[in-house]
Amino acid sequence: MSATHPTRRTFIKTLCLGALGCTAACSALPRYLLEQPPGDEGMRVPLSAFGEEGRLVVVSADGASSYLISHHGEDFVAVELVCTHRGCGLQVRAQELHCPCHGSRFSPGGEVLEGPARRPLKTLNVTRKGDELHLES
């Protein structure tokens, strides 16, 4: 039986996502671990998971995906924390998202602030239902 080895790209993506988890853990932002992988019903996040800053890092149950949810008043925005340049995991900083691989910077809403990335981050549809947010691709 031969063992399969990850490609360089898979290894780097895994490393970056791990760095993202560490960055989120070391920052003051609260994190919320989804209890189950996203399904047909999307993801559900309780409003009680948010801290006073109005931002929350959400991590999928399998650790493969991370999202930043920000809100201002009643408006919520959710972006996937993956750089659109080469797929590296993003670091959440005070007022921006930073790619440690090639230096791209994004706003919390996903707009490109500085390249080499040219496309905005993937956003999710956010709907508030009672005391929960429902996120869908």
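Residues numbered from 1 in each chain as written. Predicted model: local features only at pLDDT ≥ 70, side-chain atom pairs only at ≥ 80, totals over all residues. Heavy atoms only, no water.

## Quick notes on the pairing of strand S10 (residues 123–129)
Put simply, side chains in a regular strand alternate between the two faces of the sheet.
Okay, so step 1: Pairing analysis gives two bridges linking strand S5 (residues 75–80) to S10, with the strands arranged antiparallel. Bridging from a neighbouring strand, Val79 pairs with Thr123 of S10.
Okay, so step 2: Where S10 folds back on strand S11 (residues 132–136), the antiparallel hairpin that results is connected by two residues, among which Gly130 adopts a positive phi of roughly 65°. (Pairing = 2+ DSSP bridges. Helix = DSSP H or I, 4+ residues; strand = E, 2+ residues; numbered from the N terminus.)

## Here's the deal with the pattern of salt bridges
Okay, so step 1: Inspection of the entire model under this criterion finds three salt bridges.
Okay, so step 2: Here Glu74 and Arg128 are joined by a salt bridge, their closest N and O atoms 2.9 Å apart. Here the residue Glu74 occupies a position in the loop between strand S4 (66–72) and S5, and Arg128 occupies one in strand S10, the gap between them amounting to 54 residues.
Okay, so step 3: The exposed category is assigned to Glu74, whose relative accessible area is 60%.
Okay, so step 4: Notably, a salt bridge pairs Glu114 with Arg105, separated by 3.0 Å at the nearest N-O pair.
Okay, so step 5: Judged by its relative accessible area of 24%, Arg105 is partly exposed.
Okay, so step 6: The network of salt bridges with common partners includes Glu96, Arg105 and Glu114. (Salt bridge = Lys/Arg side-chain N within 4 Å of Asp/Glu carboxyl O. Buried < 20%, exposed > 50% of the residue type's maximum accessible area, 1.4 Å probe, protein only.)

## Let's talk about the nonpolar core
Okay, so step 1: Counting residues in hydrophobic clusters, the biggest one holds 16 residues, and the most contacted among them are Val45, Val58, Ile69 and Leu135.
Okay, so step 2: Looking at this core, the elements that each hand over two or more residues are strand S2 (43–46), strand S3 (55–59), S4, S5 and S11.
Okay, so step 3: If we ignore the near neighbours within four places in the chain, the residues touching Val45 are Tyr32, Leu34, Leu56, Val58, Ile69, Asp131, Glu132, Leu133 and Leu135.
Okay, so step 4: Within the second largest apolar cluster, 14 residues are counted, among which are Val57, Val79, Leu81 and Leu121. (Core = buried A, V, L, I, M, F, W, Y, C linked by side-chain atoms within 4.5 Å. Contact = heavy atoms within 4.5 Å.)

## What to know about the sheet that holds S5
Okay, so step 1: Here seven strands make up an open sheet; going across it, the order is S1-S3-S4-S5-S10-S11-S2 and the pairing mixed. Looking at the sheet topology across the chains shown, the edges are occupied by strand S1 (31–33) and S2. Neighbouring strand axes in the sheet, compared pairwise and without regard to direction, differ in orientation by 25° on average. (Axes fitted to C-alpha atoms, helices over the stretch in contact; angles between N-to-C directions.)

## Observations concerning the confidence of the model for the chain
Okay, so step 1: Chain-level statistics for the chain give a pLDDT mean of 78 and a share of 74% at 70 or above.
Okay, so step 2: Confidence, expressed as mean pLDDT per element, reaches its minimum in the chain at helix H1 (residues 8–26) with 49 and its maximum at strand S8 (residues 105–106) with 95.
Okay, so step 3: This model gives residues 19–26 a pLDDT under 50, and the stretch forms eleven contacts once residues within four places in sequence are excluded. (pLDDT = per-residue confidence, 0-100.)

## Considerations on the state of the cysteines
Okay, so step 1: According to the stated counting rule, one finds one disulfide in the structure shown.
Okay, so step 2: Distance from the sulfur of Cys83, which forms no disulfide, to the nearest cysteine sulfur (Cys99) is 3.9 Å. (Disulfide = S-S within 2.5 Å.)

## Thoughts on the pairing of S11
Okay, so step 1: In this structure, S2 lies alongside S11, joined through four bridges in antiparallel fashion. Bridge pairing links Pro46 to Glu132 in S11.

## A look at the sheet that holds S8
Okay, so step 1: Strand order in the open sheet formed by four strands is S6-S7-S8-S9, with antiparallel pairing between adjacent strands. Strand pairing shows two members of the sheet lacking a second neighbour, strand S6 (91–92) and strand S9 (112–114), which therefore form its edges.
Okay, so step 2: Pairing of S8 with S9, which is carried by two bridges, proceeds in the antiparallel orientation. Looking across to S9, one finds that Arg105 is bridged to Glu114.

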